[in-house]
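Each chain, letter by letter, is given below.
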Amino acid sequence: MIDLLFIVALTLTEIHFGVPLMYYWYAKTKWLPKPWNIKTDKNYTPKVTIIIPTYREAKLIENRLDNIYNQNYPKELIEIIVIDSGSDDETPVIVEKWASKHKNINLKLIKEKERKGKANALNHALKYTTSNIVITADVDATWPSNALREALRWFRDPAVGAVSCLKGPTHSGPVGVEEGYRHYYNILRIAESKAYSTPIFHGELAAFRKKLLKKLGGFPTDIGSDDSHTATLIALMGYRSITPETLWIKEIVPRKGYHAWRIRRAQHLVQHFQKILKKAIIKTSKRNNGEAIKTFKTILAIEEYLHLANPWILAIAIILLLIDTLVFNSFSALITLLLGLTLLSIKKYRVWITQQFHLITATLKNAWSKEIIWNKQAKQLD
Ligand code: GDP
Ligand code: MN
């Protein structure tokens with residue numbers, strides 16, 4: 001008798017692994033080698049406002065400010081706005097002290113009484129910005145000294161609306177998994193950017209044209225993924241949202257609560273893609289030729305599939321295999337399950353499965369808490 005359940009499960013498994021692999025292969029061979037088609041200039045140094053949102057960052061904020069101070073960028077062109085949401089630790093005091101010791105750089109500290117979340121704080125800070133380019137900068141990030149130049153040179157071309165970075169972990173915490181996970185995603189981010197734009201940005205360094213932020217009414221406050229969502233809306237407006245291959249930053253991976261951290265971030269990504277999906281018919285911008293927007297819609301559709309549907313296809317396949325094994329005594333199903341477990345010894349595969357688990361948990365968790373205001377994971381520099 002044909003084991004129908006097994007065939008369905010196997011097909012779902014093939015789809016689950018096949019689609020991302022095909023996409024990766026396509027992006028890497030077709031998009032990654034493409035030229036940028038952007039007129040950049042490494043001597044382009046516009047005035048820039050860096051917004052640093054802080055909540056209980058006493059341990060790391062001084063390092064963060066030093067790191068920005070050490071950028072090889074003219075200090076008179078940098079404006080720093082630290083927006084603190086009622087931290088009950090030393091954060092504001094440390095910022096004030098730092099500012100008084102570094103009078104040659106313009107720093108504003110805004111103290112909110114109440115914590116209403118990161119995006120809310122960013123929008124509050126936006127009102128005080130005086131530059132045409134605004135960069136958001138999480139405290140747990142370390143930039144290389146040329147990061148500002150690398151990010152800003154792209155804005156010479158009016159076609160560019162937003163620029164973000166690629167990430168690697170600093171060497172503390174469970175770096176192995178994080179690195180494996182990052183590699184695949186970094187390649188995709190660059191390839192998508194070259195094709196047109198990427199729908200995933202990183203708050204550790206995310207630069208935006210302020211006039212576009214204004215048009216959007218600031219960052220979205222109803223979802224957690226302020227960076228990616230804004231970048232995507234900007235791309236849909238007909239401007240490019242890119243992560244260049246030359247702009248790498250380091251972020252601290254928490255030692256404790258790694259999975260909780262990853263699940264919260266997955267929750268935000270899922271919220272972002274669900275919100276984009278709801279805008280079923282997206283207006284095609286007049287500004288741009290249809291081809292580029294079309295490519296971006298394809299990128300979006302695949303990323304939506306990968307984040308919202310693909311993990312569930314794996315879950316269903318596993319459930320079917322379990323039923324087939326336990327109820328129908330299927331030997332093929334049992335062997336497939338055992339093979340799946342054995343493969344967990346391969347790092348790349350384990351990293352992938354972990355990510356699927358995070359996305360599924362995230363979607364479920366979103367039903368009762370969107371984590372717009374979240375518990376921070378403790379992070380420390382090496
Ligand atoms: P992660 O990078 O995803 O782990 O998120 P973090 O907890 O590190 O937060 C990212 C940045 O936003 C950090 O600089 C935080 O201090 C800051 N942040 C988080 N929540 C709030 C908030 O409610 N208000 C403000 N102003 N900043 C916040
Ligand atoms: Mn961070």
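These numbers come from a predicted model, not from an experiment.

Q: Looking at this structure, how should I read the pairing of strand β6 (residues 160-164)?
A: Two faces, one strand: in a regular strand the side chains alternate between the faces of the sheet. Buried residues dominate β6, accounting for five of its five residues. Two elements, β6 and strand β9 (residues 240-242), share three bridges in a ladder whose sense is parallel. When the bridges of β9 are listed, Ala162 appears paired with Ser241. Here β6 runs beside strand β8 (residues 206-209); their pairing, made up of three bridges, is antiparallel. Following the sheet pairing, Val163 is matched in β8 by Ala207.

Q: Please clarify how the sheet that holds strand β7 (residues 166-169) should be interpreted in this entry.
A: Across a sheet, paired strands are connected by hydrogen bonds in the backbone, their directions being either parallel or antiparallel. Read across the open sheet, the three strands follow the order β5-β10-β7; overall the sheet is mixed. Two strands lie at the open edges of the sheet, namely β5 (141-142) and β7, each paired on one side alone. Summarising the sheet, β5 and strand β10 (residues 248-251) pair through two bridges and their orientation is antiparallel. Residue pairing for β10: Thr142 is matched across the bridge by Lys250.

Q: Please clarify how the sheet that holds strand β3 (residues 106-112) should be interpreted in this entry.
A: Reading across the sheet, the seven strands line up as β3-β2-β1-β4-β8-β6-β9 and stay open at both edges, with mixed pairing between neighbours. Each edge of the open sheet is held by one strand with a lone partner, namely β3 and β9. Direction aside, neighbouring strands of the sheet carry axes that sit 20° apart on average. Running at roughly 160° to β3, helix α3 (residues 91-101) makes contact with β1 (48-54), β2 (78-85) and β3 of the sheet.

Q: Got a minute to help me understand the site of ligand 1 in this structure?
A: Taken together, 20 residues lie around ligand 1, and Glu57, Ser85, Trp261, Arg264 and Lys379 are the ones closest in. Contacts to ligand 1 include Asp140, whose side-chain N or O atom sits 3.0 Å from an oxygen atom. Interatomic distance of 2.9 Å between a side-chain N/O atom of Arg265 and an oxygen atom of ligand 1. For ligand 1, whose unbound accessible area comes to 570 Å², protein coverage reaches 97%. Residue assignment for the shell around ligand 1 shows that the elements contributing at least two residues are β1, β2, α4 (118-126) and α9 (258-278). No other element matches the three residues that α9 contributes to the shell around ligand 1. Residue composition of the shell around ligand 1, grouped by class: seven nonpolar, three polar and ten charged.

Q: What's the story with the coordination of the manganese ion (ligand 2) in this structure? I'm lost.
A: Looking at the metal site, the manganese ion (ligand 2) is ligated by Asp140 (OD), Asp140 (OD) and Glu204 (OE), spaced 2.3 to 2.5 Å from it. In this pair, Asp140 sits in the loop between β4 (133-136) and β5 while Glu204 sits in the loop between α6 (175-195) and β8, placing the two residues 64 residues apart along the sequence. On the basis of relative accessible area, Asp140 is assigned to the buried category, the value being 6%.

Q: Mind showing me how you'd approach the packing of aromatic side chains here?
A: The description of two aromatic rings rests on the distance between their centres and on the angle between their planes. Scanning the model with the defined rule gives twelve aromatic pairs in all. Plain terms: the ring middles of Tyr69 and Trp98 are 5.8 Å apart, the flat faces sit at 85° to each other, and that makes the pair edge-to-face. Of this pair, Tyr69 sits in helix α2 (residues 61-69) while Trp98 sits in helix α3; the two residues are 29 residues apart in sequence, bridging distant segments of the chain. For Trp98, a relative accessible area of 3% gives the class buried. Site record: aromatic cluster; members linked through ring pairs are Tyr24, Tyr184, Tyr185 and Trp352.

Q: When you look at a positive patch on the surface in this model, what are you seeing that I'm missing?
A: Taken together, Lys28, Lys347, Lys348 and Arg350 make up a surface patch of like positive charges. Looking at the positive patch element by element, the count peaks at three residues for helix α12 (residues 347-366). In this fold, Lys348 is placed in helix α12. Residue Lys348 is classed as exposed on the basis of its relative accessible area of 70%.

Q: Would you mind going over the pattern of salt bridges with me for this structure?
A: Counted according to the given criterion, the structure contains 18 salt bridges. Where Arg265 meets Glu251, a salt bridge forms, and the shortest distance between an N and an O atom there is 2.9 Å. Here Glu251 lies in strand β10 and Arg265 lies in helix α9, a separation of 14 residues in the sequence. Here the two residues Arg265 and Glu251 agree in accessibility, since each one is buried. For Lys365, the salt bridge goes to Glu371, with nearest N and O atoms at 3.9 Å. Taken together, the shared-partner salt bridges in this structure form one network comprising Lys167, Glu204, Glu251 and Arg265.

Q: Help me understand the pairing of β8, please; the structure alone is not making it clear to me.
A: Neither face of β8 is open: one carries Ala206 and Phe208, the other Ala207 and Arg209, and all of them are buried. Alignment of β4 against β8, held across four bridges, turns out to be antiparallel. Bridging across to β8, Ile135 finds its partner in Ala207.

Q: Is there a simple way to explain unusual backbone geometry in this structure?
A: Trans peptide bonds make up most of the peptide bonds, and negative phi angles are found at most residues other than glycine. Non-glycine residue Asn37 carries a positive phi angle of around 55°. Following the sequence through the fold, Asn37 ends up in the loop between α1 (4-31) and β1. One non-glycine residue with positive phi stands out, namely Arg56, at about 50°. As for its position among the elements, Arg56 is in the loop between β1 and α2.

Cut-offs applied
Residues numbered from 1 in each chain as written. Chains lettered and ligands numbered in written order. Predicted model: local features only at pLDDT ≥ 70, side-chain atom pairs only at ≥ 80, totals over all residues. Heavy atoms only, no water. Buried < 20%, exposed > 50% of the residue type's maximum accessible area, 1.4 Å probe, protein only. Helix = DSSP H or I, 4+ residues; strand = E, 2+ residues; numbered from the N terminus. Pairing = 2+ DSSP bridges. Axes fitted to C-alpha atoms, helices over the stretch in contact; angles between N-to-C directions. Contact = heavy atoms within 4.5 Å. Near = heavy atom within 4 Å. Polar contact = N/O pair within 3.5 Å; in protein donor to acceptor, adjacent residues only side chain to side chain. Areas by Shrake-Rupley, 256 points an atom, 1.4 Å probe, with all protein chains shown as cover. Nonpolar A, V, L, I, M, F, W, Y, C, P; charged D, E, K, R; others polar. Donors = N, O, S within 2.8 Å, 3.2 Å for Na, K, Ca; no water. Phe/Tyr/Trp six-rings, centres within 6.5 Å; stacked < 30°, edge-to-face > 60°. Patch = residues over 30% accessible without salt bridge, like charges linked within 9 Å, V, L, I, M, F, W, Y side chains within 5 Å. Salt bridge = Lys/Arg side-chain N within 4 Å of Asp/Glu carboxyl O. Lys, Arg positive; Asp, Glu negative; His and termini not counted. Charge placed at Lys NZ, Arg CZ, Asp CG, Glu CD.

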